[in-house]
Amino acid sequence: MRSLGEVGVPRAARRLGAATAVIALAAACVQPSARTPAESESAPVTSPTETGGSLTPAPVPGSTPPPLVARPARCPQPPAGADQLRARPVRTTWRAVSTDQDHGGFGDLAVGGDGAVWTTHFTQRASGGTVETAFAGLRRWDGARWRAYPLPDVRVTALGATSAEQAWVFGLADGQAGLVGGFQHGTFTPLPLTGRSATTIGTGGTAARGVWAVNGTAALSWDGATWRAHELTAPAGAVGGGGAVGGGGGGGGRGTDVWTVSGPLLEPGPAARWNGSAWQRVGVPELGLPAKAGSPRIRLNDVAVLGPRDVWAVGGVSWLVPGRFDKQNEPLERHRPVALHWDGDAWRCDWGPLGSTFAQAEPDGRGGLWVLDSTGSRLLRHAGGRWTSQRLDGQVAALAQRPGTAEVYAAGAVGGELTRATLWRSR
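Since the model is a prediction, treat every value here as computed from it, not as a measurement.

Engineer: Is there a simple way to explain the overall build of the protein chain in this structure?
Structural biologist: On a plain count of helices and strands, the protein chain comes out with one helix and 33 strands. Burial status across the protein chain gives 55% buried among its 427 residues. Long-range pairs, those at least 24 residues apart, make up 60% of the contacts in the protein chain with a sequence separation of at least 6. Roughly 16800 Å² of accessible area belongs to the protein chain as shown, and the carbon and sulfur atoms make up 51% of that amount.

Have a look at this one:
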């Protein structure tokens, strides 16, 4: 799924290279020789500029259902000391399944139905009193070892996958915009994306989930044979649900439901829902601010689809407190998380305590969900109508569920100034 934009060196480095492109990857079937979990074997790739051709996704026709009005229209904040989540701290259920010996970290993350874990990888080295970070391509985890895909001259903004044989990355390739390529059975075939999507998909703010990628009002979906282009009914920067080929029930959501929300880089706006044949605009309540809040920032960062009438959107608000300053003599900034639940008719808004916002949401495979907060080291879980919280010894950049299971993975890094790429799993 999406990687966390507010914490961790890997995401920061990835943002520096973000621009327009798409690359579809399907991994070779040949497995690497036995190695320790921390080691990886590189797979050969072809430069994106060595193959000609182009790809124009076919537009998806269809009528637009009437928009749904937000109910309620507004979610005011409770008093500063109130905590509607009341998350109870519990012992962590997350375990590190792989930690690199070399310095670096993981960024974006996607998990296929077969258990293959795909992630973007970054290396680090200390030089002249600073830490230099470099994009090192993709990694694929098979449960015992890593296989590396260097992707020379590529920068990534989003990652999606369905299996060990099929994954997609979106970003910048060889300095050129609008690239779509495939890597299958040892052959990498890049194609430039043409049409309206070429100017949008792959730029900063692109999000991917399973067979879907979105950015602004443009969306792409893979139907198992070709890419399709969609016009969204609301600008999007995050997507959830519909992880299987054809938009079916992989990735946590049942049926054909796919949802988008505005995401971390866009101003808050309506959500959108794909019902299998058309996109419908869904109103989202306005998130309230305290009186006299300065320079407010309001975001819905992610969306998780648990079922057709069971959808969560998470984010939060930040603002400056007039006349107050922090220990560095900077204007004092407050943060507050919020979780919105849609039951098919209306939204319920639950505000957390001051301190952070929510960055990502992911189904837990048992009818609940995991939420990552902006500290990168705290995960909240909603199950059975109650919230709990757990802490990890590290910085999480991204969460992803293995479709159809209760396995959820987290990618990121452990360490201080120099970090080591780490993959965690919860069952």
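Engineer: Looking at this structure, I do not really get the state of the cysteines. What am I missing?
Structural biologist: Note on terminology: disulfide describes a covalent bond linking the sulfur atoms of two cysteines. The tally for this structure, following the rule as stated, stands at one disulfide. A sulfur-sulfur separation of 1.8 Å characterises the disulfide bridge that pairs Cys75 with Cys349. Taken together, the positions of Cys75 in strand β4 (residues 74-75) and Cys349 in strand β26 (residues 347-351) put the pair 274 residues apart, joining distant regions of the chain. Summarising the burial analysis for this pair, Cys75 and Cys349 share the class buried.

Engineer: Even after reading the chapter, I still don't get the sheet that holds strand β25 (residues 331-342), so can you show me in this structure?
Structural biologist: Sheet strands pair by backbone hydrogen bonding; their relative direction is either parallel or antiparallel. With antiparallel pairing, the four strands of this open sheet are ordered in space as β23-β24-β25-β26. Each edge of the sheet is formed by a strand with only one pairing partner; in this case those strands are β23 (294-307) and β26. Direction aside, the axes of adjacent strands within the sheet are offset by 20° on average. The pairing of β25 with β26 spans five bridges and is classified as antiparallel. Each residue of the ladder has a partner; that of Trp342, found in β26, is Trp347.

Engineer: It is not clear to me how unusual backbone geometry should be interpreted in this structure. Could you clarify?
Structural biologist: In terms of backbone geometry, most residues other than glycine have negative phi values and most peptide bonds are trans. Residue Pro72 is reached from Arg71 by a cis peptide bond, and omega for that bond is -5°. Along the polypeptide, Pro72 turns up in the loop between β3 (58-59) and β4. The phi angle at Lys292 is positive, at roughly 65°, despite the residue not being glycine. Here Lys292 is to be found in the loop between β22 (286-287) and β23. Non-glycine residue Asn329 carries a positive phi angle of around 65°. Among the secondary structure elements, Asn329 is positioned in the loop between β24 (310-325) and β25. Asn329 gets classed as exposed once you look at its relative accessible area, which sits at 59%.

Engineer: Which parts of the structure should I look at to understand the nonpolar core?
Structural biologist: What tends to happen in soluble globular proteins is that the nonpolar side chains get buried as a cluster. In terms of nonpolar packing, the biggest core is built from 26 residues, with Phe170, Trp212, Val214, Trp227 and Trp279 touching the most fellow members. Secondary-structure elements contributing two or more residues to this core are β12 (166-173), β15 (207-209), β16 (212-222), β17 (227-236) and β20 (271-274). Looking at which element gives the most residues to this core, the answer is β16, with seven residues.

Analysis parameters
- Residues numbered from 1 in each chain as written.
- Predicted model: local features only at pLDDT ≥ 70, side-chain atom pairs only at ≥ 80, totals over all residues.
- Heavy atoms only, no water.
- Helix = DSSP H or I, 4+ residues; strand = E, 2+ residues; numbered from the N terminus.
- Buried < 20%, exposed > 50% of the residue type's maximum accessible area, 1.4 Å probe, protein only.
- Contact = heavy atoms within 4.5 Å.
- Areas by Shrake-Rupley, 256 points an atom, 1.4 Å probe, with all protein chains shown as cover.
- Disulfide = S-S within 2.5 Å.
- Pairing = 2+ DSSP bridges.
- Axes fitted to C-alpha atoms, helices over the stretch in contact; angles between N-to-C directions.
- Core = buried A, V, L, I, M, F, W, Y, C linked by side-chain atoms within 4.5 Å.

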